[in-house]
Amino acid sequence: MIVAKISAALAALFVLSAIAGLAAGVDTRQIGQGDRLMIRMPSEPAISGEYTVDETGRFFFPITEHGLDLGAIPVEGLTLDKAEELVIRLMSKYYESPEVNIEFVAYGVRPGYAVSIFGAVLDQNSHRYFEGMKLLDALIKSRPLPDADISKLALFRGDEPVKYLDIRKIMDGTDMSANIPMQAGDTLIVPYTQPVLKMKIIVLGKVMNPGTMFVPEGTQILDLLGRAGGTVGRAAVGNIYVIRVIDGEPVIINSDVKSLVKFGDLKENIVLKDGDVVFVPETSRVDIAKVIQNLSLLNLIKSTIED
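Computed from a prediction, not measured in an experiment: that's the story for all the values here. Numbering of residues starts from 1 in every chain and runs along the sequence as written. For this predicted model, a pLDDT threshold of at least 70 governs which residues receive local features, and a threshold of 80 or more governs which side-chain atom pairs are given and counted, while totals over whole chains, interfaces and linings are taken from all residues. As a convention, hydrogens and water are excluded, and side-chain values are obtained from all of the structure's heavy atoms.

Enquirer: Tell me about the pattern of salt bridges, and please be specific about residues and values.
Expert: In what follows, salt bridge is the name for a side-chain nitrogen of Lys or Arg lying within 4 Å of a carboxyl oxygen of Asp or Glu. The tally for this structure, following the rule as stated, stands at 7 salt bridges. In this structure, Arg 40 engages Glu 103 in a salt bridge whose closest nitrogen and oxygen atoms are separated by 3.5 Å. Taken together, the residues span a long stretch of sequence, with Arg 40 in strand E1 (residues 36-40) and Glu 103 in strand E5 (residues 101-106) at a distance of 63 residues. Think of it in three bands: with a 1.4 Å probe and only protein chains considered, a residue is buried below 20% of the maximum accessible area for its type, exposed above 50%, and partly exposed in between. The exposure class of Glu 103 is partly exposed, given its relative accessible area of 29%. Helix and strand assignments follow DSSP, with helices taken as H or I runs no shorter than four residues and strands as E runs no shorter than two, numbered in order from the N terminus.

The following block contains the structure:
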């Protein structure tokens with residue numbers, strides 16, 4: 001359907017904004033995913049406004065009250081002037097000499113306009129860079145974890161040597177000199193703190209994630225089950241076995257986690273030791289001697305002694 005030709009008077013209201021955009025100079029940056037664009041269209045002022053480029057590199061105009069549907073507008077990789085030409089070409093099917101002005105409102109997260117943060121942070125991701133962005137701005141966006149080591153952040157910037165940053169004084173407010181300006185394209189690695197001691201524990205049987213685990217010293221059996229993803233199926237939580245080698249011989253320690261959870265019987269929350277094997281059976285009627293024999297054949301008990 002051909003929409004009525006727009007009046008010259010209405011078009012004139014938008015000419016000044018287009019001229020103002022040209023006076024500021026031609027923006028040669030390419031449009032990318034996540035960018036927000038301000039699009040002014042005197043031919044259809046009702047659909048002038050902000051639009052975000054989606055993950056397919058397009059944005060969509062709404063259907064107008066005249067029933068005009070321009071569909072998807074593919075603009076990724078185009079400069080602003082090329083995007084204007086594209087929209088003008090589409091609008092020319094319905095309007096005589098349409099006016100279109102497109103400007104950047106904000107940049108999305110894309111190479112060259114982002115700061116990437118990885119490691120001991122809740123949001124490991126690339127974050128949109130903005131003018132004046134500083135180190136603390138980037139950290140607030142990524143939300144460091146409680147076990148983040150903030151004494152040795154690693155900053156990778158272009159071809160420069162890696163720079164290590166200690167931000168402990170920033171965090172307590174005594175020295176803000178390390179709150180350096182960020183640059184687009186920076187990558188920041190936030191390391192984890194290393195526990196003084198980590199124990200090697202093997203957890204087997206009816207748990208979500210059986211296998212070898214390295215846990216902090218002082219870990220108790222309930223903590224271990226949580227780290228293993230919890231029990232599954234018909235786990236006999238009332239009769240869990242901790243197999244511990246003492247003086248070269250395997251010793252069985254029973255833990256009734258059912259009583260621990262139901263009645264708060266804290267003596268059942270056994271403190272584990274380095275080299276323990278924790279076995280969660282499917283039934284309380286299990287031949288634990290045979291289990292120990294199988295573990296010995298698989299070299300699991302022996303490995304806990306030697307490693």
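Enquirer: Requested: an account of the packing of aromatic side chains, with residues and values cited.
Expert: Here the aromatic set is Phe, Tyr and Trp, taking the six-membered ring for Trp, and pairing holds for ring centres within 6.5 Å; pairs whose planes are under 30 degrees apart are stacked, those over 60 apart are edge-to-face, and all others are tilted. The tally for this structure, following the rule as stated, stands at 3 aromatic pairs. A ring pair is formed by Tyr 51 and Phe 61, whose centres lie 5.0 Å apart and whose planes are at 80°; its orientation type is edge-to-face. Here the residue Tyr 51 occupies a position in strand E2 (residues 49-52), and Phe 61 occupies one in the loop between strand E3 (58-60) and strand E4 (72-74), the gap between them amounting to 10 residues. A residue is classified by how much of its surface remains accessible, and Phe 61, at 5% relative accessible area, is buried. Through a chain of ring-to-ring contacts, three or more aromatic side chains come together here, namely Tyr 51, Phe 59 and Phe 61. Definition used: whenever NZ (Lys) or CZ (Arg) falls within 6 Å of the ring centre and also within 35 degrees of the ring normal, the charge is taken to sit over that ring. Directly above the ring of Tyr 164 sits Lys 152, whose terminal nitrogen or CZ lies 5.0 Å from the centroid.

Enquirer: Lay out the confidence of the model for the protein in plain terms, naming residues and giving numbers.
Expert: In this model, the protein carries a mean pLDDT of 80, and residues with pLDDT of at least 70 account for 85%. As a per-residue measure, pLDDT reflects the predictor's confidence and takes values from 0 up to 100. Ranking the helices and strands of the protein by mean pLDDT puts E1 first, with 93, and helix H1 (residues 8-23) last, with 34. Low pLDDT, under 50, characterises residues 1-25; the predicted model gives this stretch 21 contacts beyond four residues in sequence or across chains. Whether two residues are in contact is decided by their heavy atoms: any pair within 4.5 Å suffices.

Enquirer: I'd love a proper account of the sheet that holds E1, names of residues and values included.
Expert: Think of it this way: DSSP has to see at least two bridges between two strands before they count as a pair. With antiparallel pairing, the 3 strands of this open sheet are ordered in space as E2-E1-E5. Each edge of the open sheet carries a strand with a single partner, namely E2 and E5. Neighbour-to-neighbour, the strand axes of this sheet turn through a mean angle of 35°, independent of strand direction. Looking at chain direction, E1 and E5 are connected through 5 bridges and run antiparallel. Counted as the bridge partner of Ile 39 is Ile 102 from E5. In this description, a line fitted to the C-alpha atoms serves as the axis of each element, helices being fitted only across the stretch in contact, and the angle between N-to-C directions of two axes falls anywhere from 0 to 180 degrees.

Enquirer: Outline unusual backbone geometry, listing residues and values.
Expert: You will see that Arg 143, though not glycine, has its phi angle at about 60°, which is positive. Position of Arg 143 relative to the elements: it lies in the loop between helix H3 (135-142) and strand E8 (153-156). Overall, the relative accessible area of 47% leaves Arg 143 in the partly exposed class. Phi is positive for Asp 247, which is not a glycine, with a value near 55°. Structurally, Asp 247 is set in the loop between strand E13 (240-246) and strand E14 (249-255).

Enquirer: Describe in detail the pairing of strand E7 (residues 125-128), supporting the description with residues and values.
Expert: One ladder, built from 4 bridges, connects strand E6 (residues 114-119) with E7; its direction is antiparallel. Among the inter-strand pairings, Ala 114 is bridged to a residue of E7, identified as Arg 128. As consecutive antiparallel partners, E6 and E7 are separated by 5 residues.

Enquirer: Before we move on, could you go through the sheet that holds strand E10 (residues 187-190) and cite the residues and values that matter?
Expert: By definition, the strands of a sheet pair up through backbone hydrogen bonds, in either a parallel or an antiparallel sense. Across the sheet, 5 strands lie side by side as E7-E6-E10-E8-E9; this open sheet has mixed pairing. On the outer flanks of this sheet lie E7 and strand E9 (163-165), each paired with one strand and no other. Neighbour-to-neighbour, the strand axes of this sheet turn through a mean angle of 25°, independent of strand direction. With 3 bridges joining them, E8 and E9 adopt antiparallel strand pairing. Paired with Ala 154 across the two strands is Tyr 164, which belongs to E9. Packing against the sheet, H3 makes contact with E6, E7, E8, E9 and E10, and its axis sits at approximately 60° to E6.

Enquirer: Run through helix H2 (residues 80-91), naming residues and quoting values.
Expert: The length a helix should cover is 1.5 Å for every residue beyond the first. For H2, with 12 residues, the first-to-last C-alpha span of 16 Å sits near the 16 Å given by 1.5 Å per residue. Restricting attention to buried positions, one finds in H2 the residues Leu 80, Ala 83, Glu 84, Leu 86, Val 87 and Met 91. The buried residues of H2 all sit within an arc of 160° when viewed along its axis, so they share a single face. On the buried face of H2, the contacting elements are E1, E4 and E5. By definition, the arc is the one covered by directions from the helix axis to the C-beta atoms.

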